[in-house]
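Each chain, letter by letter, is given below.
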Amino acid sequence: MTTYEGEPVEQAQTLRTLVIAQIFSGAGLAAGVTVGALLAEDMLGTTSLAGIPAALFTIGSAAAAVTVGRISNRLGRRIGLTLGYAVGALGSVAVVAAAALDSVPFLLVALLVYGAGTATNLQARYAGADLASPGRRGRAVSTVLVATTLGAVVGPNLVTVMGGVAESLDIPRLAGPFLLAAAAYGTAGAVLFVRLRPDPLLLARELAARRPTTAVAGAGEISRRIGGGVRRAVAAGAAIMVITQIVMVAIMTMTPVHMKHHGHDVGATGIVIAAHIAGMYLPSPLSGRLVDRFGAPVLAYASGATLLLAGALAASMPVDSVVGLAVALAVLGLGWNLGLVAGTAITTEAVPLAVRARTQGSVDLCIAIAGAGGGLGSGLVVSSTSYTTLAAIGAVVALAIVPIVAFAVRVPGVDQPHPPHGEPVPDRTADIRSRTR
């Protein structure tokens, strides 16, 4: 018996577990996005360094991406993702402690550790694709991504409530959302540790090993057959995600600071960030179906165009318009989503199972480093010029996706969309039943 539109029952179980975990982790992710820059500005006393939190927790995310990827490659997704969320929860507690002690050095270290939660949140999308049929991987990835929306949209709107909780504990108000992050990441890790069985990556490898050898190519064979196309495809997919990350993080990081300087309170900021995160994750089911139907390059071109529009909107919106800024940030999130789904599809399709998790960790390392550069640079740009200039620069940078996609579509296999929805897909139930006998 199979479920999830013809996929094995184990895939349905994997997706249900990932969805539950991502709902919780989304709230943890949103905490740092909403108040991280404001907390740093208060503690450091300058706007030019307000991008440091985004830079630090993305640097921490970079280290965690590689670590989680390598642990997952060796021990499976369940152990790798559980450990990643546990470290993210620890970092959240450390941020609260640093704010309570008013210790800037402690805050900087804590933000690095907090970044593990961000990395793990993104790594979870790969777990959704491990058991998926080739023509449904985009939809599997998007299912995991959209689950993040629920927690991530609710999280920013709990800023005021958590600020009150923090003050009742004699903790700075802006540290309150990190209390929520600690609980959210801890819960996500516990869900995965208990429920992510069988491990999707380990099961996928076992199933692949049971198929005829002519149907399963190893990394070396694939590289020889397409003349190094695996490396080119991974580079192209990574580059698409790197550019979308730079543009998204840079504009998103400085939006709360921009709003604060023009008289908006934290509640208004929470509304704008909630709209942004909804744009990042809510369109994922549609993005997944589009990439499965039309191919990743089409979605990547759409990402570049959407990010260009987002930069233009952010640069031109009246600063007193919360609705206008919310629309601009929602479009920014959509552009990021399209690029992430397209880039993930390219890299997942190209990399063999034997090295898949390790390679995905390395790709996410590049994404995290790009985010760190975008976050750190955004503060410097705004302090020396303006938020409008930053948004305009982001719009121009997004255009770099076009030549990268033009390169990617020459890589064998990358430009080929999967069969449309409704066409038969391989039924692997027999493989799973033979494994469990």
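Rules of the game
Residues numbered from 1 in each chain as written. Predicted model: local features only at pLDDT ≥ 70, side-chain atom pairs only at ≥ 80, totals over all residues. Heavy atoms only, no water. Helix = DSSP H or I, 4+ residues; strand = E, 2+ residues; numbered from the N terminus. Expected span 1.5 Å × (residues − 1). Buried < 20%, exposed > 50% of the residue type's maximum accessible area, 1.4 Å probe, protein only. Axes fitted to C-alpha atoms, helices over the stretch in contact; angles between N-to-C directions. Parallel < 35°, antiparallel > 145°, perpendicular 65-115°, else oblique. Left-handed = near helix turned anticlockwise from the far one by under 90°. Contact = heavy atoms within 4.5 Å. Nonpolar A, V, L, I, M, F, W, Y, C, P; charged D, E, K, R; others polar. Phe/Tyr/Trp six-rings, centres within 6.5 Å; stacked < 30°, edge-to-face > 60°.

## Details of helix H14 (residues 322–350)
Compared with the 42 Å implied by 1.5 Å per residue over 29 residues, the 42 Å span of H14 between its first and last C-alpha is a close match. Of all 29 residues that make up H14, 22 are buried, and the element is covered over most of its length.

## Let's talk about unusual backbone geometry
The step from Arg-197 to Pro-198 runs through a cis peptide bond, and the omega angle for that step is -5 degrees. Residue placement: Pro-198 occurs in the loop between helix H7 (176–195) and helix H8 (200–210). A positive phi is found at Asp-102, a non-glycine position, where the angle reads about 55 degrees. By the element assignment, Asp-102 lies in the loop between helix H3 (77–101) and helix H4 (104–127). At Asp-170, a residue that is not glycine, the phi angle is positive and equals roughly 60 degrees. Note that Asp-170 resides in the loop between helix H6 (159–168) and H7.

## Points about the packing of helix H13 (residues 296–316) against helix H16 (residues 387–398)
Remark: H13 packs on H16, axes separated minimally by 8 Å, with the N-to-C direction vectors making an angle of 165 degrees. With respect to their mutual orientation, H13 and H16 come out roughly antiparallel. Read as a crossing pair, H13 and H16 show a hand that is left-handed. For the pair H13 and H16, the contacting residues are Gly-304, Leu-307, Leu-308, Gly-311, Ala-312, Ala-314 and Ala-315 in the first and Tyr-387, Thr-388, Ala-391, Ala-392, Ala-395 and Ala-398 in the second. Of the residues assigned to the contact of H13 with H16, the class counts are ten nonpolar, three polar and no charged.

## A closer look at the packing of aromatic side chains
Under the defined criterion, the tally for this structure stands at four aromatic pairs. Between Tyr-85 and Tyr-185, the aromatic rings sit 5.8 Å apart at their centres with planes inclined by 25 degrees, giving stacked as the arrangement. Pair noted here: Tyr-85 is in helix H3 and Tyr-185 is in helix H7, with a separation of 100 residues, a long-range link. The class of Tyr-85 is buried, set by a relative accessible area of 0%. Here the aromatic rings of Tyr-281 and Trp-336 are separated by 5.5 Å at their centres, their planes lie at 75 degrees, and the arrangement is edge-to-face. Remark: Trp-336 occurs in helix H14 and Tyr-281 occurs in helix H11 (residues 266–281); sequence separation between them is 55 residues. Given the relative accessible area of 2%, Tyr-281 is considered buried.

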